[in-house]
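# Summary of the model geometry
As a plain string of letters, each chain reads:
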Amino acid sequence: MSSIANPRTDLQWVEHQFDRVAWSYPFFERLFLVPRRARDLAVERLQAGSGQCILSIGCGRGSMLPAISAQVGVHGEVHGLDLSVRMLQAAERTARQHDLKNIRLTRTDLHRYSPAEPYHSVLFGFSLSSFADPDIALQHAWSFLRPGGRLVVLDARIPPPMERITRPFLPAIRWFMEQTVLGDPDMRPLVALEQLGAPVALNTMRWGTYFVATVQKPE
Ligand SMILES: C[S@@+](CC[C@H](N)C(=O)[O-])C[C@H]1O[C@@H](n2cnc3c(N)ncnc32)[C@H](O)[C@@H]1O
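Residues numbered from 1 in each chain as written. Predicted model: local features only at pLDDT ≥ 70, side-chain atom pairs only at ≥ 80, totals over all residues.

## Some points on the sheet that holds strand β2 (residues 77–82)
On the basis of which strands lie adjacent, the open sheet formed by seven strands has the order β3-β2-β1-β4-β5-β7-β6 and mixed pairing. Both edges of this open sheet fall to β3 (103–107) and β6 (200–205), since each of them pairs with a single strand only. Within this sheet the neighbouring strands show an average axis-to-axis angle of 15°, counted without direction. Pairing analysis gives six bridges linking β6 to strand β7 (residues 210–216), with the strands arranged antiparallel. For Thr-204, the partnering residue across the bridge sits in β7 and is Phe-211. Here helix α3 (residues 36–46) sits on the sheet in contact with β1 (53–57), β4 (119–125), β5 (145–156), β6 and β7, set at roughly 170° to β5. Strands β2 and β3 of the sheet are contacted by helix α5 (residues 85–97), whose axis makes an angle of about 170° with β3. (Pairing = 2+ DSSP bridges. Helix = DSSP H or I, 4+ residues; strand = E, 2+ residues; numbered from the N terminus. Axes fitted to C-alpha atoms, helices over the stretch in contact; angles between N-to-C directions. Contact = placed C-beta atoms within 7 Å.)

Okay, structure coming up:
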């Protein structure tokens, strides 16, 4: 972990940053060469079945909602949770455009949320790395899962073989991320996932930059 102050501890700042970039977010997705397969794989790893209830934490503009909605069908529900009003407005548009009837959207900070019923699966789609403390966010989300439920994290990181090469550029990378999609180059998301105490299944893409990690809660 870096000793540099992490601005993500200030939720008002996080909300403001995501409100600011909500309209341009698809551009950054192309700039960062996010592989389409990464999102498809994350949805697949949720193993959502008909009638299930799935939570998408930091659902953003809702680009993954249509695929999850199709998996759970009309008797299931996809619950999108996000801090940013502008992101949620875009998610509402996504739901309307795709005529999705099984979507619920809630504006809240993850840490203040607790569900009435546990979820079958929970997804962090490129959102874990915008949290100040991944351990706290993951432990909280883990508590939302029913036994046998799956926690899926789709995110990006500096690939391990590149860490030494990129070290001199870290201040610039950090600055750029904080101006755009807030991905935290100092975060070690897989270390945080291992703290959950269950095996982590990992798929990587683009030389380890993008990954889908899946952890199943014991029955
Ligand atoms: C990088 S965007 C990812 C959006 C989308 N899931 C995707 O795959 O493109 C991260 C999202 O997490 C949300 N977020 C960050 N911190 C949050 C918090 N504490 N509680 C709820 N949502 C949060 C942000 O508002 C933002 O929409």
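Once you've had a look at it, read on.
## Observations concerning the pairing of β2
The element β2 is largely enclosed, with a buried count of six among its six residues. Judged by which residues are buried, β2 turns out to be covered on both faces: Glu-77, His-79 and Leu-81 on one side and Val-78, Gly-80 and Asp-82 on the other are all buried. Here β1 runs beside β2; their pairing, made up of five bridges, is parallel. What sits directly across from Leu-55, in β2, is His-79. Traced from β1 through helix α4 (residues 65–72) to β2, the parallel crossover comes out right-handed. Judged from the five bridges that link them, β2 and β3 form a sheet pairing that is parallel. By the bridge assignment, Leu-81 is partnered in β3 with Thr-106. (Buried ≥ 20, exposed ≤ 12 C-beta atoms within 10 Å, placed from the backbone. Right-handed = clockwise from strand over helix to strand, strands pointing away.)

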